[in-house]
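One letter stands for each residue in the lines below.
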Amino acid sequence: MKTPRRPSAEKRLHRLIGLAVMLSAALPSGASDIATDIVISEVLPYPADGQAAFVELYNPTDQDTNLGGYALSTDDSRSPRALAGYIPAYGFYLVALAEEGWPAEWPAPDFVLPELKLAPLTSGLRLFRGEGEEPDMLGWGVAPLYWEGTPCNTPAAGESLER
């Protein structure tokens, strides 16, 4: 009986590299894009009757984050609007975009920012940190000024953009 020959070290290395390439091609394209800063998790730009416009932020880190130094800006209100308060580790932060008309059955907002304006059909939202850093942005409609990747479709009245 003939003993099988063991592949050379060079052949084993080539096989290992080939396997790694095949496995990396099988992973989703965003698999390595794990957020390490505050992100925009949901936006309701076009509220229906009984609703109110809002922006929700999410903290994907294991540390509470002070929002001093963070700001939001939109296509329609281009000057960044400062945020305040803290967002807990793995927690959410709700920003109401109107001082009145917040639905009683919804959770109380963490912050109210009525001067931040969202256009219902085409708009974009940017999150700033410090001097010009942009941890996240989200756009919808045909030609928003701000978006990341591809803008979302225009939501219908009462539909939020959630990610």
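Please refer to the structure higher up on the page.
Rules used in this analysis
Residues numbered from 1 in each chain as written. Predicted model: local features only at pLDDT ≥ 70, side-chain atom pairs only at ≥ 80, totals over all residues. Heavy atoms only, no water. Pairing = 2+ DSSP bridges. Helix = DSSP H or I, 4+ residues; strand = E, 2+ residues; numbered from the N terminus. Core = buried A, V, L, I, M, F, W, Y, C linked by side-chain atoms within 4.5 Å. Buried < 20%, exposed > 50% of the residue type's maximum accessible area, 1.4 Å probe, protein only. Contact = heavy atoms within 4.5 Å. Salt bridge = Lys/Arg side-chain N within 4 Å of Asp/Glu carboxyl O.

Peer 1: Tell me about the pairing of strand β10 (residues 133–140), residues and numbers included.
Peer 2: Note on strand geometry: in a regular strand, side chains alternate between the two faces of the sheet. Note: strand β9 (residues 123–129) against β10, 6 bridges, orientation antiparallel. Considered in β10, the bridge of Leu127 is made with Asp136. Adjacent in sequence and paired antiparallel, β9 and β10 are bridged by 3 residues, among which Gly130 carries a positive phi angle near 60°.

Peer 1: For the nonpolar core, give the residues involved together with the corresponding values.
Peer 2: Considering soluble globular proteins, one finds that nonpolar side chains tend to be buried as a cluster. In this structure, Val55, Leu57, Leu83 and Leu125 are the most contacted members of the largest nonpolar core, which totals 23 residues. Counting only elements with at least two residues in this core, the list comes to β1 (39–44), β2 (54–58), β4 (70–74), β7 (92–96), β9 and β10. Ignoring sequence-local partners within four residues, the contact set of Leu57 consists of Ile38, Val39, Ile40, Ser41, Leu83, Ile87, Gly91, Phe92, Tyr93 and Leu127.

Peer 1: Describe the pattern of salt bridges, with residues and values.
Peer 2: Enumeration over the complete set of coordinates arrives at 4 salt bridges. Across the pair Glu133 and Arg129 runs a salt bridge, and its minimum N-O distance is 2.0 Å. One network of salt bridges, with partners in common, ties together Asp37, Arg129 and Glu133.

Peer 1: Give a description of the sheet that holds strand β11 (residues 161–162) that names residues and reports values.
Peer 2: Within the open sheet, the 5 strands sit side by side as β8-β7-β2-β1-β11. Their pairing is mixed. Taken across any chain shown, the strands that pair with only one partner, and hence form the sheet edges, are β8 (111–112) and β11. The pairing of β7 with β8 spans 2 bridges and is parallel. Directly across from Ala96, in β8, lies its bridge partner Val112.

Peer 1: Please set out the environment of Asp37 residue by residue, giving values where relevant.
Peer 2: Along the chain, the position of Asp37 falls in the loop between α1 (9–26) and β1. Distance in space between the C-alpha atoms of Asp37 and Arg129 is 9.6 Å, their sequence separation being 92 residues. Contact partners of Asp37, with chain neighbours within four places excluded, come to Tyr58, Pro60, Thr61, Tyr70, Arg129 and Pro135.

Peer 1: Help me get a handle on the sheet that holds β9, residues and values and all.
Peer 2: On the basis of which strands lie adjacent, the open sheet formed by 4 strands has the order β5-β4-β9-β10 and antiparallel pairing. Both edges of this open sheet fall to β5 (81–82) and β10, since each of them pairs with a single strand only. Note: β4 against β5, 2 bridges, orientation antiparallel. Bridge pairing links Leu72 to Arg81 in β5.

Peer 1: Quick one: what's the story with unusual backbone geometry, residue by residue and with numbers?
Peer 2: The bulk of non-glycine residues show a negative phi, and the bulk of peptide bonds are trans. A positive phi angle is found at Tyr90, which is not glycine, with a value near 55°. Along the chain, Tyr90 falls in the loop between β6 (86–87) and β7.

Peer 1: Could you give an account of the environment of Pro103, with specific residues and numbers?
Peer 2: Locating Pro103 in the fold gives a position in the loop between β7 and β8. According to the relative accessible area criterion, Pro103 is buried, its value standing at 6%. The spatial distance from the C-alpha of Pro103 to the C-alpha of Gly50 is 6.5 Å, given a sequence separation of 53 residues. Not counting residues up to four positions away in its chain, the partners in contact with Pro103 are Gly50, Gln51 and Ala52.

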